[in-house]
Amino acid sequence: MRKIVIAGNWKMNKTVAESVKLAADVVAAAKDIKNVVVAIAPTYLALAKVAEVVKGSNVKLAAQDVHWENQGAFTGKVSADMLKEIGVDFVIIGHSEQRSYFGETDETVNKKVKKVQSLDMTPIICIGETLAERQGGQLESVLTTQVNGAYAGLSADDALRTVIAYEPVWAIGTGVTASDDEAQQAHAFVRGLLAQRYGENVAESISIQYGGSMKPENAAGLLAQKDIDGGLIGGAALKADSFLGIITPGESIGK
Ligand SMILES: O=C(CO)COP(=O)(O)O
């Protein structure tokens, strides 16, 4: 059975003090949630403090990025060892904002995935098309390139230790959500790509989250889709009640 993974990507929001408060609210509100993996991704700066807050709870810690090298002269970057030391479970890799603003490529995504997995953390691999790509009929080719790039050199066992987040770029932070059907079609296509690489059984076991203006009002419809196994939430994750309003509909879902 695939895990349902609901992760809050706080992006560049919240001071350390605000992050600690929000994390405490999430921990309190998530304490009775079962069958769903709940994770929060504060800024690097807040990770260590938030780690103390989530310790012993059922809320997992996620980082928003990582560098693939172990250490050294990489000003501004954080290594996987550093994340591991403070208890990070998931690392978001290849977010569209990283790709469009900070030069992330499928090659760097692949290096980061391998590094994170080498330390037994789980990569959340973000993929998704822009509006121009979708309108230009390139949805499938973009997703194929991104999946092949991210999974290059990964064995089936490695693939089983990944989560994918399908985030159509045009739906991120815009208030425009993919319809349930649009999202399901893209997710099914991605699962088909995984099946081609690793076989049906492996593909059926990998969780594929949806991301892009997901909120309590639209979560139930998205999470009811056969191939949607959770969400990567931006704006709605910045308040505990809207974040957990997404989780509740998914609570009993296992696929
Ligand atoms: O990018 C996202 C999560 O990684 C989605 O952001 P929004 O939920 O704000 O659209």
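Residues numbered from 1 in each chain as written. Predicted model: local features only at pLDDT ≥ 70, side-chain atom pairs only at ≥ 80, totals over all residues. Heavy atoms only, no water.

## Notes on the packing of aromatic side chains
Move 1: As enumerated under the stated definition, the model contains three aromatic pairs in all.
Move 2: The interplanar angle of 80 degrees and the centroid separation of 6.1 Å between the aromatic rings of Tyr101 and Phe102 together place this pair among those described as edge-to-face.
Move 3: Taking relative accessible area as the criterion, Tyr101 reaches 62% and is therefore assigned exposed.
Move 4: Here Phe102 falls in the exposed class, since its relative accessible area comes to 60%. (Phe/Tyr/Trp six-rings, centres within 6.5 Å; stacked < 30°, edge-to-face > 60°. Buried < 20%, exposed > 50% of the residue type's maximum accessible area, 1.4 Å probe, protein only.)

## Things to note about the site of the ligand
Move 1: The environment of the ligand is formed by Asn9, Lys11, His95, Glu167, Ala171, Ile172, Gly173, Gly212, Ser213, Leu232, Gly234 and Gly235.
Move 2: Contact between the ligand and His95: an oxygen atom at 2.8 Å from a side-chain N or O atom of the residue.
Move 3: Within the contact set of the ligand, an oxygen atom lies 2.9 Å away from a backbone nitrogen or oxygen of Gly234.
Move 4: Here the ligand has 310 Å² of accessible area as a free molecule, and 95% of this is covered by the chains.
Move 5: For the shell around the ligand, the per-class residue count stands at three nonpolar, seven polar and two charged. (Near = heavy atom within 4 Å. Polar contact = N/O pair within 3.5 Å; in protein donor to acceptor, adjacent residues only side chain to side chain. Areas by Shrake-Rupley, 256 points an atom, 1.4 Å probe, with all protein chains shown as cover. Nonpolar A, V, L, I, M, F, W, Y, C, P; charged D, E, K, R; others polar.)

## Notes on the UniProt feature "binding site: substrate" (unreviewed entry) in the protein chain
Move 1: UniProt records the feature "binding site: substrate" (unreviewed entry) at Asn9, Trp10, Lys11, Gly173, Ser213, Gly234 and Gly235, using the numbering of this structure. Sequence-wise these annotated residues cover 227 residues; spatially they are packed, their C-alpha atoms never more than 13.8 Å apart.
Move 2: Positionally, Trp10 belongs in the loop between β1 (4–9) and α1 (16–29).
Move 3: Beyond its immediate chain neighbours, meaning those up to four positions away, Trp10 contacts Ser19, Leu22, Ala23, Ile40, Ala41, Pro42, Gln64, Ala237 and Leu238.
Move 4: With respect to the element layout, Gly173 can be found in the loop between β6 (163–166) and α9 (180–198). (UniProt positions renumbered as here; feature names shortened; annotations may be inferred. Helix = DSSP H or I, 4+ residues; strand = E, 2+ residues; numbered from the N terminus. Contact = heavy atoms within 4.5 Å.)

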